[in-house]
Amino acid sequence: MPTIETSGGELHYTERGVGPVALFVHGFPLDSTLWIEQIELLAGERRGVTVDLAGFGRSSTVVADVLTMERHADDLAGVVDRIGVDRVDLVGLSMGGYVALAFAERHADRLRTLALVDTKATADDEAGKAGRDAAAARLLHEGRQAFAAGMVGGLLGPDAGPWLRARVRQMIESTRYETIVAALAGMRDRPDRSDVLAAIPVPVGVIVGADDALTPPAAAEAMAAMRPDITLDVIRGAGHLAPIEAPDAVAAALAALFDRGRPGAADA
Ligand code: MLT
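All chains use their own residue numbering, which begins from 1 and follows the written sequence. Only residues with pLDDT of at least 70 get local features here, since the model is predicted, and only at 80 or more are side-chain atom pairs given and counted; chain-wide, interface and lining totals rely on the full set of residues. Think of the side-chain values as coming from all heavy atoms in the structure, minus any hydrogens and water.

A.B. asks: Is there a simple way to explain the overall build of the chain in this structure?
C.D. replies: Numbered from the N terminus, helices here are DSSP runs of H or I no shorter than four residues, and strands are runs of E no shorter than two. The helix and strand inventory of the chain stands at eleven helices and eight strands. Each radius of gyration is computed over the set of C-alpha atoms, and the globule rule expresses the reference value as 2.2 Å times the number of residues to the power 0.38. Radius of gyration (C-alpha) of the chain: 17 Å, near the 18 Å computed for a compact globule of 268 residues. Each of the three principal axes of the chain carries a C-alpha extent, and together these read 55 × 40 × 35 Å. Under the scheme applied here, a residue whose accessible area is under 20% of the maximum for its type counts as buried, over 50% as exposed, and between as partly exposed, the area being computed with a 1.4 Å probe on protein chains only. Buried residues in the chain amount to 56% of all 268 residues. The contact definition used throughout considers only heavy atoms, calling two residues in contact when any of these lie within 4.5 Å. Taking contacts inside the chain between residues at least 6 apart in sequence as the whole, the part at least 24 apart equals 77%. Asp and Glu are treated as the negative residues and Lys and Arg as the positive ones, with His and the ends of the chain left uncounted. Where a charge sits is defined by one atom per residue type, namely NZ (Lys), CZ (Arg), CG (Asp) or CD (Glu). Taking the average place of the 26 positive charges on the side chains of the chain and the average place of its 38 negative ones, the gap between the two points comes to 2 Å.

A.B. asks: I would appreciate a short explanation of the packing of aromatic side chains in the present structure.
C.D. replies: Any pair of aromatic rings gets described here by the distance separating the centres and the angle formed by the planes. In this scheme Phe, Tyr and Trp rings, the latter by its six-membered ring, pair at centre separations within 6.5 Å, and the angle between planes marks the pair as stacked below 30 degrees, edge-to-face above 60, and tilted otherwise. Here the structure, examined in full by the defined rule, presents one aromatic pair. Between F24 and W35 the ring centres are 5.1 Å apart and the planes differ by 45 degrees, which places this aromatic pair in the tilted class. Of this pair, F24 sits in strand 3 (residues 21–25) while W35 sits in the loop between strand 3 and helix 1 (36–41); the two residues are eleven residues apart in sequence, bridging distant segments of the chain. Per residue, the accessibility class of F24 equals that of W35, and both read buried. Of note, R190 hangs over the ring of Y98, and the distance from its end group to the ring centre comes to 3.7 Å. Cation placement over rings: the criterion is NZ of Lys or CZ of Arg within 6 Å of the ring centroid and within 35° of the ring normal.

A.B. asks: Explanation requested: the site of the ligand in the structure shown.
C.D. replies: Whether a residue is near a molecule or strand depends on its heavy atoms: it is near if one of them lies within 4 Å of it. Residues in close proximity to the ligand include G27, F28, S94, M95, Y98, R132, M187, L214 and H240, which together make up its full environment. Here a polar contact is taken to be a pair of N or O atoms separated by no more than 3.5 Å, where protein atoms must pair a possible hydrogen donor with a possible acceptor and residues adjacent in sequence count only if both atoms sit in side chains. F28 places a main-chain nitrogen or oxygen 2.7 Å from an oxygen atom of the ligand. Take S94: an N or O atom from its side chain is 2.8 Å from an oxygen atom of the ligand. Accessibility throughout is a Shrake-Rupley quantity obtained with a 1.4 Å probe, and a residue counts as covered only by protein chains that appear here. In the complex, 90% of the free accessible area of the ligand, which totals 270 Å², lies under the protein chains. Under this grouping Gly is polar, as are all residues other than the nonpolar Ala, Val, Leu, Ile, Met, Phe, Trp, Tyr, Cys and Pro and the charged Asp, Glu, Lys and Arg. Partitioned by chemical class, the residues of the shell around the ligand number five nonpolar, three polar and one charged.

A.B. asks: How should unusual backbone geometry be read in this particular structure?
C.D. replies: Negative phi values dominate among residues other than glycine, just as trans dominates among peptide bonds. Omega for the peptide link from F28 to P29 comes to -15 degrees, which places this bond in the cis form. Along the chain, the position of P29 falls in the loop between strand 3 and helix 1. Non-glycine residue S94 carries a positive phi angle of around 55 degrees. Given a relative accessible area of 9%, S94 falls into the buried group.

A.B. asks: What is the right way to look at the pattern of salt bridges in this model?
C.D. replies: Pairs may arise between side chains of opposite charge once their charged atoms sit close together. The salt bridge criterion pairs a side-chain nitrogen of Lys or Arg with a carboxyl oxygen of Asp or Glu, the two atoms within 4 Å. A complete count under the given rule lists 16 salt bridges for this structure. A salt bridge links R193 to E70, with the shortest nitrogen-to-oxygen separation between them at 2.6 Å. One end of the pair, R193, is in the loop between helix 7 (177–189) and helix 8 (194–199); the other, E70, is in helix 2 (residues 69–83), with 123 residues separating them in the sequence. What emerges from the salt-bridge pattern is a single network uniting R46, D89 and R112.

A.B. asks: Got a minute to help me understand the environment of M223 in this structure?
C.D. replies: Positionally, M223 belongs in helix 9 (residues 217–224). Exposure remark for M223: the relative accessible area of 3% places this residue in the buried category. Ignoring any residue separated from it by four or fewer positions in sequence, one finds M223 in contact with L116, T119, K120, A121, L197, V206 and I230.

Right, here's the structure in full:
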C-alpha cells in the first residue's frame, strides 16, 4: 500500500480503478475500508483513492491533543500532489465531510466535484461540544469495546444486518485511543463552514441515509438549500453509513455527480 510522508508521520492510501481521480475520506472513528464497496462499484469510471486519515487505520500514530480538520485537509492536498493530478472528485462522509469542507476552504483549486455524505456544514453547539468531552472521558473509563458497542447503534440504520454491525464495531475497536480522543477534540473545535459551502466553485452533491440518526436528512436539506445547483439524494434503507448500507444507490448518486464535473457538463 502506498504511503506519503507528512509533518506528523506516514499516511497510508490505496488506489484502484481507472479514469479521473476520486478521493474518498472516511468518518469517525473509522478507516479507509469504509469505501471498499464504492471503490469497487466505481472502478470503471474513477481511479479511486482512499486515505487513512492521520492517526487512523494503517497511518502512523499521531502525537497531538487535537486532530484538526485543517490538518487532515492539508494532508489530503499532499496526497493529491503525490498522485500527480490537478483536481479530484472529493467524497467525504461525516467527519470526512467536515474535512472535505476544510479542503474546499483551503484548496478549492484542486476540486472537480464535492460530495458531502451523511454530514453537515455547521459547527457543534455548546451541548455538542460538551458531548465530545464526555465521549472522550467515557472511552478512557470504559474502554474501546464499550465505546464501540455504544456507537454502532447510532451509526447504522435499522435495516443493517449483523455482519455489517460486526464490521463497523471492529473498525471502531481497531482505532487507537489517542486518535479517538484527538479526533473528538478536532470535531469539537471545528468552525461552521456554511459560508464555504455556499461559495464552492464546483458541482456539489449532498447524499444522506433516510434513517441517518446522527446527521439526519434535515441537516442534508439545509446544506442543499444553500444553493439551487446543489443536488440532494436521500438513500432509502440506510442510516449514517449509507455507502456500506446501500452501496449501489450511493454509487449511482456519486456517478451522477462526477458526471456533472466533466468539462462542458454545465453547458450540456
Ligand atoms: C462521523 O461519523 O464521522 C461522526 O459521527 C461525526 C460526528 O460525530 O460529528
